[in-house]
Amino acid sequence: MDFTFQVLNNTRAILAKIIDDNSLKDLNKIPKGFNNNIIWNIAHIVVSEQLLAYKLSGLPSVLSDEMINKYRKDTKPENDATQEEVDEVKRLLFSTQENTKTDYNNGVFKTYNTYTVSTTGNTLNNIDEALQFILTHEGIHYGYVLALLKAIKN
């Protein structure tokens, strides 16, 4: 799993740089043809990782219920994120991933509630499969972020 965690970390570093390189206005902008924005996609990545790894393992998430409910699957931005919220999302990009890596290496994930993901139809049966899907999921949303960047710059 070292490679998986390395790719997750690298992807999250790229997303953090995107946060740093764009204005709050651009992070919140929803271009025509899209139903969400850059910061929603990045926060959604953080929330999804916590739900797929921790909640389905019967473990508590470090995220607030408010954040989970705001950025989980089937949500969209209801209002603009504040600079404080963006800063928190950026911090959580790294802290959550590091916690997951540490917990994985320490054998914290002992059980897993089987879950079929809607995007691909694959069934996750254990934490290893969940982490592999998390990697794919984050790649999908990184692609959305790249498309949003292109759309807001035009």
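Coordinates for the structure precede this section.
Counting restarts for each chain: residues are numbered from 1 in the order of the written sequence. Only residues with pLDDT of 70 or above have their local features reported here, since the model is predicted, and side-chain atom pairs are shown and tallied only from 80 upward, although totals for entire chains, interfaces and linings are computed over all residues. The basis for the side-chain values is all heavy atoms of the structure; hydrogens and waters are excluded.

Caption draft 1: Seen up close, the nonpolar core. In terms of nonpolar packing, the biggest core is built from 27 residues, with Ile38, Ile42 and Met67 touching the most fellow members. The helix count covers DSSP runs of H or I at least four residues long, the strand count covers runs of E at least two residues long, and both are numbered beginning at the N terminus. When residues of this core are traced back to their parent elements, those giving at least two are helix H1 (2-21), helix H3 (38-53), helix H4 (65-71), helix H5 (83-105) and helix H6 (127-153). Residue contacts are counted whenever heavy atoms from the two residues lie within 4.5 Å of one another. Sequence-distant contacts of Met67, defined by excluding residues within four places in its chain, comprise Ala43, Val47, Val89 and Leu92. For this analysis, a nonpolar core means a set of buried residues of the types Ala, Val, Leu, Ile, Met, Phe, Trp, Tyr and Cys, connected via side-chain atoms within 4.5 Å. Buried means the residue's accessible area, taken with a 1.4 Å probe over protein chains only, is under 20% of the maximum for its type, while exposed means over 50%, and partly exposed covers the values in between. With 15 residues, the next largest nonpolar core counts Phe5, Leu8, Ala53 and Tyr54 among its residues.

Caption draft 2: Quick look at the packing of H1 against H3. For the pair H1 and H3, interaxial distance at closest approach is 10 Å and the crossing angle is 150°. Relative to H3, H1 is oriented so that their crossing is left-handed. Here Arg12, Leu15, Ile18 and Ile19 of H1 lie close against H3, whose contacting residues are Ile38, Ile39, Ile42, Ile45, Val46 and Glu49. Axes here mean lines fitted to C-alpha atoms, for a helix over just the part in contact, with angles spanning 0 to 180 degrees between N-to-C directions. Throughout, a crossing is termed right-handed when the near helix is turned clockwise from the far one, and left-handed when it is turned anticlockwise from it by less than a right angle.

Caption draft 3: Geometry of the environment of Leu149. Tracing the backbone shows Leu149 in helix H6. Put simply, Leu149 and Leu27 are 122 residues apart on the chain and 8.8 Å apart in space, counted from C-alpha to C-alpha. Ignoring any residue separated from it by four or fewer positions in sequence, one finds Leu149 in contact with Ile18, Asn22 and Ile38.

Caption draft 4: Expanded view of the pattern of salt bridges. One speaks of a salt bridge when a side-chain nitrogen belonging to Lys or Arg is within 4 Å of a carboxyl oxygen belonging to Asp or Glu. In total, this model carries 6 salt bridges according to the counting rule given. We note a salt bridge from Arg12 to Glu138, for which the minimum N-O separation is 2.6 Å. In this pair, Arg12 sits in helix H1 while Glu138 sits in helix H6, placing the two residues 126 residues apart along the sequence. Like Arg12, the residue Glu138 is buried in the burial classification. Asp20 serves as the salt-bridge partner of Lys90, at 2.6 Å between the closest nitrogen and oxygen. Of this pair, Lys90 sits in helix H5 while Asp20 sits in helix H1, placing them 70 residues apart in sequence. Looking at Lys90, the relative accessible area reads 26%, which means it is partly exposed.

Caption draft 5: Quick peek at the packing of H3 against H6. Where H3 contacts H6, the axes come no closer than 9 Å and their chain directions differ by 175°. As the angle between them shows, H3 and H6 are arranged roughly antiparallel. In this structure, H3 contributes Ile38, Trp40, Asn41, Ile42, His44, Ile45, Ser48, Glu49, Leu52 and Ala53 to the contact, and H6 contributes Ile127, Ala130, Phe133, Ile134, His137, Glu138, His141, Tyr144, Val145, Leu148, Leu149 and Ile152. Residues are grouped as follows: Ala, Val, Leu, Ile, Met, Phe, Trp, Tyr, Cys and Pro are nonpolar; Asp, Glu, Lys and Arg are charged; all remaining types, including Gly, are polar. The residue makeup of the contact of H3 with H6, split by class, is 15 nonpolar, 5 polar and 2 charged. Working definition: roughly parallel below 35 degrees, roughly antiparallel above 145 degrees, roughly perpendicular at 65 to 115 degrees, and oblique for all remaining angles.

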